[in-house]
There are 2 protein chains.
Amino acid sequence: MSGKWYTQSGAQGDVIISSHVRLARNLARIPFPCRLTEQQMGEVCDLVRGAAADYARPKLTFLRMADLTANRVVSLAEKHLISPAFAEIAPGKALLLSEDETVSVMLCEDDHIRIQTARAGFEPQEAYRAADALDDHLDKKLAFAFDDRLGYLTQHPTNLGTGMRASLMMHLPALTQSFEISRLASTVAKLGLKLRGPYDDGGAKGDIYRLSNQLTFGISEAAAIENLSAVALQLATRERAARETLQQDIAFMDKIHRAYGILNSARMITSEEMNEMFSYLRLGAVFGEIPVRLETVNELSLNLQPATMKADYNENMRAPERDALRAEIIKERLRADAGEE
Amino acid sequence: MSGKWYTQSGAQGDVIISSHVRLARNLARIPFPCRLTEQQMGEVCDLVRGAAADYARPKLTFLRMADLTANRVVSLAEKHLISPAFAEIAPGKALLLSEDETVSVMLCEDDHIRIQTARAGFEPQEAYRAADALDDHLDKKLAFAFDDRLGYLTQHPTNLGTGMRASLMMHLPALTQSFEISRLASTVAKLGLKLRGPYDDGGAKGDIYRLSNQLTFGISEAAAIENLSAVALQLATRERAARETLQQDIAFMDKIHRAYGILNSARMITSEEMNEMFSYLRLGAVFGEIPVRLETVNELSLNLQPATMKADYNENMRAPERDALRAEIIKERLRADAGEE
């Protein structure tokens, strides 16, 4: 587990949890996946698998979705390695995945190929370079559907052009607390960006938001990432200013210490409560109020999601058992961070 | 502070927090306090003061209520040393109080004299003996209003006869949790007893109930206390049985550990939350789940009530400041109990 990208925290890690880039690509002269039979999808997957076989930066493992347990599939979605839609219907689909989980390639999602890369902290350029390298590699072996005027052809017109969606996971509890977040969401929308909860349902679990570019047409990848980066850094600055106010508020600091106390003592913790408590824990870590590492929070917040726990520990584990194990693991890790073990 | 009776726990202390006896007495040929002027009340107080001056088991200090700060008066009510009604209008009233707070005598409450005694744990006989000793002492020096047929004459007919009310403070969280408590309250009512919240308002803060005798006429003090004791011990047995069920319930044990975690980490704790959390803390101590002494809970639950804190620490302390100090003191005491200091 320790080699996964999300066991780390990176640049601007106090506010920016991770950076993600996704490139949508399709093979020329082959209908979009929605028009393919299961067998034809299998052929597309095999084609890409072959093209990626000698890729080594990092090496990719081929996983046929139909071969995975239901929990493992949902776990991949919990870690944002696949989309929730991709998790729903498995037949014909496949995934290329690197050991460190920095690179995942959905095969036969909405498009034939969806290259996805992830980095801890504020590293959108790095994430883009990783996606671009794999894109170059595949481009040399496969014929991508590309139009000189439209750019990369994609099933949804919203992805036409670069086919790129870059996003940053941002922890914005202070801007949420001060009710500035909705006004800021409107502002960033005018700048061609979108700010929303990480699970595409509008809800921001644990005050974590996803900031992403919306435009893929008429703007280069570099310009889109530069725009995203500039806005993200401004948001981060505002968040930090709002945090200074929170830090003067003893009632809010009380919540941080209570969250730490609960996580250190509870015998059962649901994933919903964990997400909520982790928001306080992140702030407490940044403020230096409690002896916990951001890396621990980053890792546990992904590894202790429900399906991931079932896939990792016991496929038949029921909710109360899982909540008890989650509480135990959290307690153990917090004690380790506090240097008690 | 360490000499106060409530810094201890006593027999059956897992369920029975304390034992109390109150004797209502009036001076012959003097109207009840409600018919007296402030000056006349002062004269009654001085009479009793004189009679108690040489009492030494324990020695009693005379306090004129009008000389005390408002917070100190409410603090006395918080500790059940005076009645809430006695706290409301001070002029003319006075209190005799022992250093260890086992004996308090309200002067010119509903009756001229209300002798009150307290003991930690299940000691109703002991509490009665202490009240009886002072009663004997005063009886030798003062003429009590007594009628051969009616017994001691009191303002309220409900106290006629022995003028005695014996009560036990009982911690009954498991019977509360299992919803058996209201049925049991009906049952004890048929046995001439009353089970209710400790503050006479029906609410049971921190699952603490007061069980007391209702009959003072046609039953001797000894018989009344025997009846109270027998019922209390039965209630305690039922409570312990119900606790065994709770102890199997991981969701309930979770609450105990959370309460401990919160009390160990929060930066602000209101008295309401303290009362609620202390109920879990008591159980956790009895179950041996958490390293806390019942004596600590007994002491803090009285010493950290709002007016008591203001009277003890700072008369002008406001709620947020008090909540912060309460959290700090609790944390310090819990750490001491856990052997961390």
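Note that the structure is a prediction, hence the values are computed from the model and not measured.

Cut-offs applied
Residues numbered from 1 in each chain as written. Chains lettered and ligands numbered in written order. Predicted model: local features only at pLDDT ≥ 70, side-chain atom pairs only at ≥ 80, totals over all residues. Heavy atoms only, no water. Domains from an automatic or database assignment. Contact = heavy atoms within 4.5 Å. Buried area = accessible area lost by both parts, 1.4 Å probe. Pairing = 2+ DSSP bridges. Helix = DSSP H or I, 4+ residues; strand = E, 2+ residues; numbered from the N terminus. Axes fitted to C-alpha atoms, helices over the stretch in contact; angles between N-to-C directions. Least-squares fit on C-alpha atoms with pLDDT ≥ 70 in both. Salt bridge = Lys/Arg side-chain N within 4 Å of Asp/Glu carboxyl O. Buried < 20%, exposed > 50% of the residue type's maximum accessible area, 1.4 Å probe, protein only. Nonpolar A, V, L, I, M, F, W, Y, C, P; charged D, E, K, R; others polar. Parallel < 35°, antiparallel > 145°, perpendicular 65-115°, else oblique. Disulfide = S-S within 2.5 Å.

Residues and elements named next belong to chain A. In terms of domain boundaries, chain A breaks down into domain 1 (5-242) and domain 2 (250-337). Taking only C-alpha atoms into account, the centre of domain 1 sits 26 Å from that of domain 2. With 22 residues of domain 1 at the contact, the number on the domain 2 side is 21 residues. Both faces considered, domain 1 and domain 2 share a buried interface measuring about 1900 Å² in area, 55% of it formed by carbon and sulfur atoms.

Backbone hydrogen bonds are what pair the strands of a sheet, in a parallel or an antiparallel way. All names here are of chain B. Taken in spatial order, the eight strands of this open sheet run 2-3-4-5-1-8-10-9, and their pairing is antiparallel. Strands at the two margins of the open sheet, each flanked by one partner only, are strand 2 (60-64) and strand 9 (193-196). Strand-to-strand, the axes of this sheet are offset by a mean angle of 20°, without reference to chain direction. Sheet topology note: the strand 8 (residues 164-171)/strand 10 (residues 208-213) ladder contains five bridges and is antiparallel. For His171, the partnering residue across the bridge sits in strand 10 and is Ile208. Against the sheet, helix 1 (residues 38-52) touches strand 2, strand 3 (94-98), strand 4 (103-107) and strand 5 (113-120), its axis set at about 165° to strand 2. Strand contacts of helix 7 (residues 221-247): strand 1 (16-25), strand 8, strand 9 and strand 10, with the helix running at about 10° to strand 8, the strand carrying the most contacts.

Least-squares fitting of chain A to chain B yields an RMSD of 0.0 Å, with the transformation described by 0.0 Å of translation along the axis and a rotation of 180°. Taken together, the turn and the small shift mark the pair as related by a two-fold rotation axis. Identified as the residue of chain A closest to the rotation axis by C-alpha distance is Gly261 of chain A, at 2.2 Å. A share of 100% of interface residues in chain A that are also interface residues in chain B marks the association as one of identical surfaces.

Moving on, we get to the pattern of salt bridges. Residue and element names in this part refer to chain A. Inspection of the entire model under this criterion finds 38 salt bridges over all chains. Between Glu109 and Arg114 there is a salt bridge, with its nearest N and O atoms 3.4 Å apart. Each member of the pair Glu109 and Arg114 is classed as buried. Taking the shortest distance from any N to any O, the salt bridge between Arg333 and Glu299 comes out at 3.2 Å. Of this pair, Arg333 sits in helix 12 (residues 319-337) while Glu299 sits in helix 10 (residues 294-303), and the two are 34 residues apart along the sequence. Glu299 sits in the buried class, given a relative accessible area of 13%. Each of Lys4, Lys79, Glu99 and Glu101 takes part in one network of salt bridges that share partners.

This part covers the interface of chain A and chain B. Tallying the contact residues gives 16 residues for chain A and 16 residues for chain B. Both faces considered, chain A and chain B share a buried interface measuring about 1300 Å² in area, 61% of it formed by carbon and sulfur atoms. Looking at the side of chain A facing chain B, the largest losses of area belong to Arg258, Arg267 and Met268 of chain A, adding up to 41% of the total buried there. For the interface between chain A and chain B, the tally reads two salt bridges. Here Arg258 of chain B and Glu273 of chain A are joined by a salt bridge, their closest N and O atoms 2.6 Å apart. With nine residues, helix 8 (residues 250-265) of chain A is the single largest residue contributor to the side of chain A that touches chain B. Considering only residue class, the side of chain A that touches chain B consists of eight nonpolar, three polar and five charged.

This next bit is on the packing of helix 11 (residues 306-313) of chain B against helix 12 (residues 319-337) of chain B. Residue and element names in this part refer to chain B. Following both chains from N to C, one finds helix 11 and helix 12 inclined at 85°, their axes separated by 11 Å at the closest point. As the angle between them shows, helix 11 and helix 12 are arranged roughly perpendicular. Listed contacts from helix 12 to Pro306, Met309, Lys310 and Tyr313 of helix 11 are Arg322, Leu325, Arg326 and Ile329. Residue composition of the contact of helix 11 with helix 12, by class: five nonpolar, no polar and three charged.

With that out of the way, let us pick up the state of the cysteines. According to the stated counting rule, one finds zero disulfides over all chains in the structure shown. Summary of cysteine pairing: Cys45 of chain B is not part of a disulfide, and the nearest cysteine sulfur, belonging to Cys108 of chain B, is at 4.1 Å.

A few words on the environment of Leu283 of chain B. Residue and element names in this part refer to chain B. Within the secondary structure layout, Leu283 lies in helix 9 (residues 271-287). For Leu283 and Pro173, which are 110 residues apart along the polypeptide, the C-alpha to C-alpha distance reads 8.1 Å. Apart from the residues lying within four places of it in its own chain, the contact partners of Leu283 are His171, Pro173, Arg243, Leu246, Phe252 and Ile256.

Quick look at unusual backbone geometry now. Residue and element names in this part refer to chain A. A cis amide bond links Arg57 to the next residue, Pro58, at an omega of 0°. Inspection of the secondary structure assignment puts Pro58 in the loop between helix 1 (38-52) and strand 2 (60-64). For Glu101, which is not glycine, the phi dihedral falls at a positive 65°. Within the secondary structure, Glu101 is located in the loop between strand 3 (94-98) and strand 4 (103-107).

What follows deals with the environment of Arg333 of chain A. Judged by relative accessible area, which is 22%, Arg333 of chain A ranks as partly exposed. The spatial distance from the C-alpha of Arg333 of chain A to the C-alpha of Ala224 of chain A is 39 Å, given a sequence separation of 109 residues.

Moving on, we come to the sheet that holds strand 4 of chain A. Residue and element names in this part refer to chain A. Pairing is antiparallel in the open sheet, where eight strands are placed in the order 2-3-4-5-1-8-10-9. Only two strands of the sheet have a single partner each, and these edge strands are strand 2 and strand 9 (193-196). The mean angle between the axes of side-by-side strands here comes to 20°, regardless of whether they run parallel or antiparallel. Relative to strand 9, helix 6 (residues 181-190) is tilted by about 155°, and along the sheet it contacts strand 9 and strand 10 (208-213).

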